[in-house]
Amino acid sequence: MQGDPDSMYAIAIHGGAGAIPRHALSDAREKQYRAGLETALDAGYAVLERGGPSLDAVSAAVRVLEDDPLFNAGRGAALTRDGAAELDAAIMDGKQQRAGAVASVRHVKNPIELARRVMEKSRHVLLVGAGAEEFALEEGVVLVPNGYFRTPERQRQLESEQRGHPVSDLFPASQGTVGAVAVDQEGNLAAATSTGGMTNKRQGRVGDSPIIGAGTYAKNGVCAVSATGHGE
Ligand code: GLY
């Protein structure tokens, strides 16, 4: 979390990477995770510092985490049981109580960007699958082959789960989510969440992240929330 006590703007992020047993996390690896989180935090904070809206701040932070293959969102997302990435994301504007979300998209490089387009450019709140990707195409949002999201580590985790060896004893399946909440210099709140969901999930499984009021919520004067964990 980063904030300025005088002007009252602040941002907090979470960067879920799947359930990583402590013994599997080397110092070098932990440094990489921390560096990724700091880059995301700095990207969001820079927006707030120059007087930008909290919506831009949470989008910027989540976008960095989606692009970082270490985190379970965008590139490096957890894989479905057929070895594909299926991504969910949501964003909410606490000032106007507007929200946008996408679920089960397989080709949208930055699902948080598409969620924002849903909020700002469509009459809808949640678009899924092929319909969401058709909208992405119309909006000129960057599309990539599904293989872009797949990393060797996520592939190994999937294979391990499928052999009956969960990545962690603590959780039923590797999971995690990335997200950000922020308040800007005008006092406006925003929340954003993005995820690949859980490893070895069925095609079409959607967790809490893109469900407004469950995984993502913001209302000025009340709260901004981005949830993580087992989203069932
Ligand atoms: N909390 C993220 C998910 O379960 O999809």
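Conventions used here
Throughout, a residue's number is its position along its own chain's written sequence, starting from 1. A pLDDT threshold of at least 70 governs which residues receive local features in this predicted model, and a stricter bar of 80 or more applies before side-chain atom pairs are shown or counted, although totals over entire chains, interfaces and linings include all residues. Computation of side-chain values covers all heavy atoms of the structure but excludes hydrogens and water. We call a set of buried residues a nonpolar core when its members are Ala, Val, Leu, Ile, Met, Phe, Trp, Tyr or Cys and they connect through side-chain atoms within 4.5 Å of each other. We call a residue buried when its accessible area falls under 20% of the maximum for its residue type, exposed when it is over 50%, and partly exposed in between, using a 1.4 Å probe and counting protein chains only. Where helices and strands are cited, they refer to DSSP runs of H or I of at least four residues and of E of at least two residues respectively, numbered from the N terminus. Polar contact is the term for a pair of N or O atoms within 3.5 Å; when the atoms are in protein, one must be able to donate a hydrogen and the other to accept it, and sequence-neighboring residues count only if both atoms are side-chain atoms. The contact criterion used is simple: two residues touch if any of their non-hydrogen atoms lie within 4.5 Å. Consider each residue's heavy atoms; a residue with any of them within 4 Å of a molecule or strand counts as near. Values of accessible area rely on a 1.4 Å probe in the Shrake-Rupley scheme; residue burial ignores everything except the protein chains shown. A pocket, in this scheme, is an open set of points on a 1 Å grid over the protein atoms alone with protein on both sides within 12 Å along at least 5 of 7 lines, while a cavity is a set where a 1.4 Å probe fits but cannot get out; residues line either one if an atom lies within 4 Å of a point. To qualify as sitting in a cavity or pocket, a molecule needs more than half of its atoms within 2 Å of the grid points. Here the nonpolar group is Ala, Val, Leu, Ile, Met, Phe, Trp, Tyr, Cys and Pro; Asp, Glu, Lys and Arg are the charged ones; every other residue, Gly included, is treated as polar. Between 30 and 60 degrees the pair is tilted, below 30 it is stacked and above 60 it is edge-to-face, where a pair is any two Phe, Tyr or Trp rings, Trp via its six-membered ring, whose centres lie within 6.5 Å.

**Q** Can you walk me through the nonpolar core in this structure?
**A** The nonpolar side chains of a soluble globular protein tend to be buried with one another. Counting residues in each nonpolar core, the largest one holds 46 residues, and the members touching the most others are Ile11, Ile91 and Leu114. Core analysis: the next-biggest nonpolar cluster, separate from the first, contains 9 residues, Ala10, Val183, Ala191 and Ala224 among them.

**Q** What exactly am I supposed to notice about unusual backbone geometry here?
**A** Note on backbone geometry: most residues besides glycine have negative phi, and most peptide bonds are trans. At glutamine 97, a residue that is not glycine, the phi angle is positive and equals roughly 60 degrees. In this structure, glutamine 97 sits in the loop between strand E3 (87–93) and strand E4 (98–105). The exposure class assigned to glutamine 97 is partly exposed, which follows from its relative accessible area of 35%. Even without a glycine there, the phi angle at asparagine 200 is positive, about 70 degrees.

**Q** Would you mind going over the side chain of serine 226 with me for this structure?
**A** Position of serine 226 among the secondary structure elements: in strand E9 (residues 223–226). By relative accessible area, serine 226 is classed as buried at 14%. Only 3.3 Å separates the side chain of serine 226 from the backbone oxygen of alanine 192, close enough to count as a polar contact. In this structure the side chain of serine 226 is engaged in a polar contact, spanning 2.7 Å, whose partner is the side chain of threonine 193. In contact with serine 226, other than residues within four places in its own chain, are His14, Val178, Gly179, Ala180, Val181, Ala192, Thr193 and Gly215.

**Q** Mind showing me how you'd approach the site of the ligand here?
**A** As a matter of local geometry, the ligand sits amid Thr177, Thr195, Gly197, Arg205, Gly207, Asp208, Ser209, Gly229 and Gly231. One of the side-chain N or O atoms of aspartate 208 is found 2.7 Å from a nitrogen atom in the ligand. In the model, a nitrogen atom of the ligand is placed 2.8 Å from a nitrogen or oxygen of the glycine 229 main chain. A total of 200 Å² of accessible area belongs to the ligand in isolation, and the protein chains cover 99% of it. Spatially, the ligand is embedded in the largest cavity. Across the shell around the ligand, the residue classes break down as no nonpolar, 7 polar and 2 charged.

**Q** It is not clear to me how the side chain of serine 54 should be interpreted in this structure. Could you clarify?
**A** With respect to the element layout, serine 54 can be found in helix H2 (residues 54–67). Assessed through its relative accessible area of 2%, serine 54 is described here as buried. Sequence-distant contacts of serine 54, that is, excluding residues within four places in its chain, are made with Leu48, Ala182, Val183, Asp184, Asn188, Leu189 and Ala190.

**Q** Looking at this structure, I do not really get the packing of aromatic side chains. What am I missing?
**A** Both the distance between ring centres and the angle between the ring planes are used here to describe each pair of aromatic rings. Under the counting rule described, the total for this entry stands at 3 aromatic pairs. Ring centres of tyrosine 9 and tyrosine 45 lie 5.6 Å apart, and the angle between their planes is 40 degrees; on these two criteria the pair is classed as tilted. Here the residue tyrosine 9 occupies a position in strand E2 (residues 9–15), and tyrosine 45 occupies one in helix H1 (residues 27–49), the gap between them amounting to 36 residues. The class of tyrosine 9 is buried, set by a relative accessible area of 5%.

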